[in-house]
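Coordinate analysis (summary)
Here is how the chains run, residue by residue.
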Amino acid sequence: MPQFDDPFTTKKPNVTQTTTTTHAEAIPPLGDIPPAQLAINAAEGRRGAAWRLMLWIIDDDPRAMEAVASLEDDRLAHHLLEFIALGTWAGKPFVVPPKLRSPYARIRLSNLFQAGGPMTRERAERVLFAGFRDRHQEVRGTAITILGKMGDRVAEPLLLQALHDPSRQVRMQAARALGKLRDPSVVPTLLETLKGADEQMVNQVFASLAQIGPPAIPAVAHEMHSASPWIRWHCMRAFGEMQDFRAIPYLIAGLRDLDTGVCWMAAKSLVLYGKASLEPVLRQLESSVPNQLQAETSCYILHQLYRRDSKLTPYLKPVVEAFSGVANTLAVSSLASKALVQLRADHLLSA
């Protein structure tokens, strides 16, 4: 008899037995084979050893962690990456025990590659870099995701290459991982991917630009001149997520965009800046008579600001209420000028 039974090749029970088997009985016992031996067997492709070892791992057994750390064999890490991505082990079908089917279990297993995990950084990088060349897009995407969480800039050239992967999902994972690295030098390459990108990819690229933060502001501001309202909308959203005061002038400009969706995204993003957006909004209202959309979005911002800070109510509420009047845009402009003077006199504007 082999060292332990492989549950993936044993004969399946009949229907009657299946309906009467309890949940506890559905998972064969772990047995008394030490995790160090399980790790060796799992590296050789033994699926029974693999699931037993993984159950020890997600239960935080220190012996299992030590077994992974001490095994000088990259195959175990390769098989773990494959399991996280595909649910198979060494290229073989895998009847996964219920405890290993959850997203939590896969997160715990992916943490083996992270700093502080049992694998050395050299081994983790070696295995994950090899994953970039795997024929399965799921494995490539999983390797990219884990490297993104590691924040390892050594992987940056490979991540930039992955932006041209045949799989859209892999390209999106690469864009996400590059955002996590927060390296301003990747901004031009990320923007290049916008050409011909679908809606989801555009969304991910701008989310990554927002993660990179203030260094990406000039590049995002340049995209505000795009003929695509969808691109301009994402610029407004990214500026809001960056939470950097240098983005406020661009959001104010967004309030004058000809597209309704872009204007409203600019307004919602300005609200995120709180009181810092108050003076710029009032100034753009007083500088010229606003059109209907500019007045509406600006009054929305003012309304949100005095709802959050009652001290602003006496100054801003008359501006907002004027918007519902007959000569609303004219009234809004003059009342905005008056509110600005009063707020400045009472030292209620942000420094």
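Heads up: these notes are all about the structure in this document. (Residues numbered from 1 in each chain as written. Predicted model: local features only at pLDDT ≥ 70, side-chain atom pairs only at ≥ 80, totals over all residues. Heavy atoms only, no water.)

**What about the side chain of Arg232?**
Going by this rule: Strands here mean DSSP runs of E at least two residues long; helices mean DSSP runs of H or I at least four residues long; both are numbered from the N terminus. We call two N or O atoms a polar contact when they sit within 3.5 Å, provided that within protein one can donate a hydrogen and the other can accept it, with sequence-adjacent residues counted only if both atoms are side-chain atoms. Contacts were defined at the residue level, with two residues in contact if any of their heavy atoms lie within 4.5 Å.
Here Arg232 is to be found in helix H15 (residues 229-242). A polar contact is formed between the side chain of Arg232 and the side chain of Asp257, at a distance of 2.8 Å. Residue contacts for Arg232: discarding those within four places in its chain leaves Glu223, Met224, Ser226, Ala227, Asp257, Asp259 and Val262.

**Quick word on the packing of helix H6 (residues 74-86) against helix H9 (residues 137-150)**
When two helices pack together, their arrangement is given by the angle between the helix axes and the distance between those axes. Condition: Every angle, taken between N-to-C directions, lies between 0 and 180 degrees, and every axis is a line fitted to C-alpha atoms, over only the stretch in contact when it is a helix. Note on angle classes: values under 35 degrees are labelled roughly parallel, values over 145 roughly antiparallel, values of 65 to 115 roughly perpendicular, and the remainder oblique. When residues are sorted by character, Ala, Val, Leu, Ile, Met, Phe, Trp, Tyr, Cys and Pro go into the nonpolar class, Asp, Glu, Lys and Arg into the charged class, and all the rest, Gly among them, into the polar class.
Look at H6 against H9: their axes get within 8 Å of each other, and the N-to-C directions meet at 105°. As judged from the angle between their axes, H6 and H9 are roughly perpendicular. Residues Leu81, Ile84, Ala85 and Leu86 of H6 pack against Glu138, Val139, Thr142, Ala143 and Ile146 of H9. Across the contact of H6 with H9, the residue classes break down as seven nonpolar, one polar and one charged.

**Topic: empty space enclosed by the protein**
Using the following cut-off: As defined here, a cavity is a set of points on a 1 Å grid over the protein atoms alone where a 1.4 Å probe fits but cannot get out. A pocket is an open set with protein on both sides within 12 Å along at least five of seven lines, and residues line them when an atom is within 4 Å of a point. Grid points are joined across faces, edges and corners, and a volume is the space filled by probe spheres set on the points.
Inspection of every chain in the model, using the stated rule, returns one cavity of 30 Å³ or more. For the largest cavity, the calculated volume is near 50 Å³. Lining the largest cavity are Val68, Leu71, Asp73, Leu76, Ala77, Met119 and Arg123. The class makeup of the residues in the lining of the largest cavity is five nonpolar, no polar and two charged.

**Description of the layout of surface pockets**
Estimated volume of the second largest pocket: approximately 200 Å³. Contributions of two or more residues to the lining of the second largest pocket are made by H6 and helix H8 (121-131). Broken down by element, the residue count for the lining of the second largest pocket peaks at five residues, all from H6. Taken together, the residues of the lining of the second largest pocket sort by class into four nonpolar, six polar and three charged.

**Structural notes on helix H13 (residues 199-212)**
Three or four residues apart is the spacing at which side chains of an α-helix point the same way, because the helix has 3.6 residues per turn. Put simply, the rule reads: Expected helix span is given by 1.5 Å per residue-to-residue step, counting one fewer step than there are residues. For every residue, the accessible area (1.4 Å probe, protein chains only) is compared with the maximum for its type, and the residue is labelled buried under 20%, exposed over 50%, or partly exposed between those bounds.
The end-to-end C-alpha distance of H13 is 20 Å, a good match for the 20 Å that 14 residues give at a rise of 1.5 Å each. Within the sequence span of H13, burial applies to Met201, Val202, Gln204, Val205, Phe206, Ser208, Leu209, Ala210 and Ile212. Elements in contact with the buried residues of H13: helix H11 (168-181), helix H12 (187-192), helix H14 (217-223) and H15. Looking one or two places after H13, you find Gly213, whose phi comes out positive at around 85°.

**Here we look at the pattern of salt bridges**
Using the following cut-off: We define a salt bridge as a contact between a side-chain nitrogen of Lys or Arg and a carboxyl oxygen of Asp or Glu at a distance within 4 Å.
Tallied over the full model, the rule gives 17 salt bridges. Salt-bridge contacts for Arg75 lead to Asp73; the nearest nitrogen and oxygen are separated by 2.8 Å. The closest approach of N and O atoms between Arg140 and Asp165, which form a salt bridge, is 2.9 Å. Here Arg140, found in helix H9, pairs with Asp165, found in the loop between helix H10 (156-162) and H11; they are 25 residues apart in sequence, far enough to count as distant. Judged by its relative accessible area of 12%, Asp165 is buried.

**Observations concerning unusual backbone geometry**
We note that Ala90 has phi near 55°; this positive angle belongs to a residue other than glycine. Along the chain, Ala90 turns up in the loop between H6 and helix H7 (103-110). Backbone geometry at Arg182 places phi at a positive 55°, although glycine is not the residue there.

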